[in-house]
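Spelled out from the first residue to the last, the chains are:
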Amino acid sequence: MPEPILDIRGLDAHYGDFQALYGLNLTLAPGEVLAIIGSNGAGKTTLLRSISGLMSNGAAQIRYRGTPIGALRADQVASLGIALVPEGRQLFPSLSVEENLLIGGRVKRAGPWSLSKVYELFPILQDRRHQASTSLSGGQQQMVAIGRALMANPDLILFDEISLGLAPIIIRDIYAALPGIVGGGMSAVIVEQDISKALSVSSRVYCLQEGRVSLEGDSATVSRDDISRAYFGIA
Amino acid sequence: MDWVNAVIQGALLGGLYALFAAGLSLIFGVMRLVNIAHGDLIVMAAYLGLTTSVALGVHPLLALVLVIPMMAAIGYVLQRGILNHTLGDDLLPPLLVTFGLSVIIQNVLLEGYSADPQKMNGGALETASVSVGSLSLGLLPILTFVVAVGVIAGLQWMFYHTALGRSFRAVSDNQDIAQLMGLNKRHIFGLAMALALAVTAIGGIFLGIRTSFDPSIGGGRLIFGFEAVIIGGLGNLWGTLAGGVILGVAQTVGAKIDPGWQILAGHIVFLLILAVRPNGLFPRVSA
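**Q** Help me understand the overall build of chain B, please; the structure alone is not making it clear to me.
**A** Assigned secondary structure in chain B consists of eleven helices and two strands. Expected size for 287 residues packed as a compact globule is a radius of gyration near 19 Å; at 19 Å, chain B falls within 12% of this value. Expressed as a percentage of its 287 residues, the buried residues of chain B come to 51%. Nonlocal contacts in chain B, meaning residues at least 24 apart in sequence, comprise 75% of its contacts between residues at least 6 apart.

**Q** Honestly, helix α6 (residues 138–150) of chain A in this entry has me stumped. Any pointers?
**A** Note: α-helices contain 3.6 residues per turn, so residues at a spacing of three or four share the same orientation. All names here are of chain A. The terminal C-alpha atoms of α6, which comprises 13 residues, lie 18 Å apart, in line with the 18 Å expected from a rise of 1.5 Å per residue. Counting buried residues along α6, eleven of its 13 residues qualify, which places the element largely inside the surrounding structure. Listed as buried for α6 are Q140, Q141, Q142, M143, V144, A145, I146, G147, R148, A149 and L150. Here the buried face of α6 lies against β6 (82–85), α3 (97–104), α4 (115–121), α5 (123–127), β7 (156–160) and α7 (168–182).

**Q** Help me out: how do you make sense of the packing of helix α3 (residues 60–81) of chain B against helix α8 (residues 185–210) of chain B in this one?
**A** Angle between the axes and distance between the axes are the two parameters that describe a pair of packed helices. Residues and elements named next belong to chain B. Relative orientation of the contacting elements α3 and α8 amounts to 145°, with a least axis distance of 7 Å. Once α3 is placed against α8, the crossing between them reads as right-handed. Looking at the contact of α3 with α8, its residues break down into 22 nonpolar, five polar and two charged.

**Q** Could you clarify how one ought to interpret the pairing of strand β2 (residues 135–138) of chain B in this entry?
**A** Along a regular strand, successive side chains alternate from one face of the sheet to the other. Residues and elements named next belong to chain B. The sheet contact formed by strand β1 (residues 129–132) and β2 spans four bridges and is antiparallel. Bridged to V132 within β2 is L135. Count of turn residues in the β1/β2 antiparallel hairpin: two residues, of which G133 carries a positive phi of about 60°.

**Q** Even after reading the chapter, I still don't get helix α11 (residues 262–276) of chain B, so can you show me in this structure?
**A** All names here are of chain B. Helix length check: α11 (15 residues) gives 22 Å between terminal C-alpha atoms against 21 Å at 1.5 Å per residue, within 8%. Looking only at α11, the buried set comprises A265, G266, F270 and I273. Viewed end-on, α11 has its buried residues packed into an arc of 135°, placing them on one side of the element. Seen from the open side of α11, the exposed residues pointing more than 90 degrees away from its buried face are L271, L272 and A275. Of the surrounding secondary structure, the elements contacted by the buried residues of α11 are α9 (218–232) and α10 (237–257).

**Q** What should I look at first to understand the nonpolar core in this one?
**A** Note that soluble globular proteins tend to have their nonpolar side chains buried in a common cluster. Within the largest apolar cluster, 159 residues are counted, with the highest numbers of intra-cluster contacts made by L158(A), A192(B) and I205(B). The contacts of A192(B), once residues within four sequence positions are left out, are L26(B), I27(B), V30(B), M31(B) and F168(B).

**Q** Where do I start with the interface of chain B and chain A in this structure?
**A** One frequently used descriptor of interface size is the decrease in accessible area upon assembly of the parts. Contact with chain B, which involves 14 residues of that partner, is made by 21 residues of chain A. If you list the elements that add at least two residues to the side of chain B that touches chain A, you get α6 (163–173) and α7 (175–180) of chain B. Looking at the side of chain B that touches chain A residue by residue, the classes come out as five nonpolar, five polar and four charged.

**Q** What is the right way to read the sheet that holds strand β5 (residues 67–68) of chain A from this model?
**A** By definition, the strands of a sheet pair up through backbone hydrogen bonds, in either a parallel or an antiparallel sense. All names here are of chain A. Reading across from one edge, β2-β1-β4-β5 is the order of the four strands in this open sheet, with antiparallel pairing throughout. Two strands in the sheet have a free side with no partner beyond their single neighbour: β2 (18–28) and β5. Judged from the two bridges that link them, strand β4 (residues 62–64) and β5 form a sheet pairing that is antiparallel. Following the sheet pairing, Y64 is matched in β5 by T67. Against the sheet, helix α1 (residues 44–52) contacts β1 (6–15), β2 and β4, and its axis sits at roughly 70° relative to β2.

**Q** Before we go on, may I ask you to explain the packing of helix α1 (residues 2–31) of chain B against α10(B) in this structure?
**A** Residues and elements named next belong to chain B. Closest axis-to-axis distance for the α1/α10 pair is 5 Å, and the angle between their directions is 140°. It follows that α1 is oblique to α10 by the angle criterion. The way α1 lies across α10 gives a crossing that is right-handed. Residues that form the contact of α1 with α10 fall into these classes: 15 nonpolar, eleven polar and two charged.

Cut-offs applied
- Residues numbered from 1 in each chain as written.
- Chains lettered and ligands numbered in written order.
- Predicted model: local features only at pLDDT ≥ 70, side-chain atom pairs only at ≥ 80, totals over all residues.
- Helix = DSSP H or I, 4+ residues; strand = E, 2+ residues; numbered from the N terminus.
- Rg over C-alpha atoms; globule rule 2.2 N^0.38 Å.
- Buried ≥ 20, exposed ≤ 12 C-beta atoms within 10 Å, placed from the backbone.
- Contact = placed C-beta atoms within 7 Å.
- Expected span 1.5 Å × (residues − 1).
- Axes fitted to C-alpha atoms, helices over the stretch in contact; angles between N-to-C directions.
- Left-handed = near helix turned anticlockwise from the far one by under 90°.
- Nonpolar A, V, L, I, M, F, W, Y, C, P; charged D, E, K, R; others polar.
- Pairing = 2+ DSSP bridges.
- Arc of directions from axis to C-beta.
- Core = buried A, V, L, I, M, F, W, Y, C linked by C-beta atoms within 7 Å.
- Parallel < 35°, antiparallel > 145°, perpendicular 65-115°, else oblique.

What follows is the structure, given as structure tokens:
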């Protein structure tokens, strides 16, 4: 296995007195797509918040290309090439669709993604580019959120529950776009409630349970029974 | 004709109030910071203008070339050094800290310049006037108003048509997500305060040419600025200009009725508008 792009060792995360992650270990190879599943409160979002710098952790607990980034701020992490598509889209309501995308490109990293590339991926956004981002449907907003992350030309992109609250047909469209996104060698971590969706787009899967990794395996070969056990904690 | 005159003079005075208010509006809009020291910073800008124009022997308006960058630098350092540390979920710490700052600035000015009223020498500009029909309008109030309109238009353009304005709006919408876009909110806040105090510099110098000032008048300027912002509606810069004009007109019309009513009339109109339209006349549409 080549040197991992992301190497997490013994990651602890706390919200005040509450501990959300307990000594979590995780590795991600360059170009790999990793799925993270687990029930509500298992620590999935906390893990993404920690990687992206929205939560501060021990510096050496998270290494990106060998550099400790656990204690960096989110804007510093972003400029290193890690982008997050946050849960619930979280677009900027006072910015238009195009402005939301432009601000994603603020870190000015070189790469294949640009305004026109994003419009190529999601043509509907071009028609709506001057509208307020909040006037779009949920699925279109999710496209903006994904486009906004891509505009940074990240080497590692984190997806947090991108299918949450969307109609199945929209989810299908968005997942259909994913290979085009990660196919260019970008690494990805996908947090997802929909297990079959998560397994279908990833090469490896981690299951979290109460802040710990309860299962790690190949997405193609992992058995449903193992997942059930890891998911619900049935011994 | 006297009443028309009072209304027009009041509207022009509103330009000065809009200059006081624009900085407050900007800071509150970007970082939800209520700056109690804003009035004292206006007075400080007036003193900086006085010192600069006397030391270099230049017209106070020319002193703006130096005072604007000075105030902007002070704003950036103040924000990064002190005010950023007070920002959080609680609105109280920034209120307390800027209140303390207000006391400190007043006393430093008192030590440095004494309590004697000072005035900047605007030369011929102070008395020059133009005749419009039977009205005689002072050139300085007209210039103040035009500059205020220009400043508001410039800020508005900056907010909606530049990358910096986009960053301001993004940070204002959602600080966490803005950080994910690579925006360092501490730096953005510093830039917002720098810009606000640059506008404050303009307001302070026009104040100092128009009337005499001493270290204790900051509180009154703060109130006028606040009232203009609230009348116009929070987060709406053109509304802030309208608020300044309404306040100015109320004051001059009040003074026309009875000279003792000038300030009171402004406050009463403010309270009336607050009672009828608690969000101001032109609140920003998207919450």
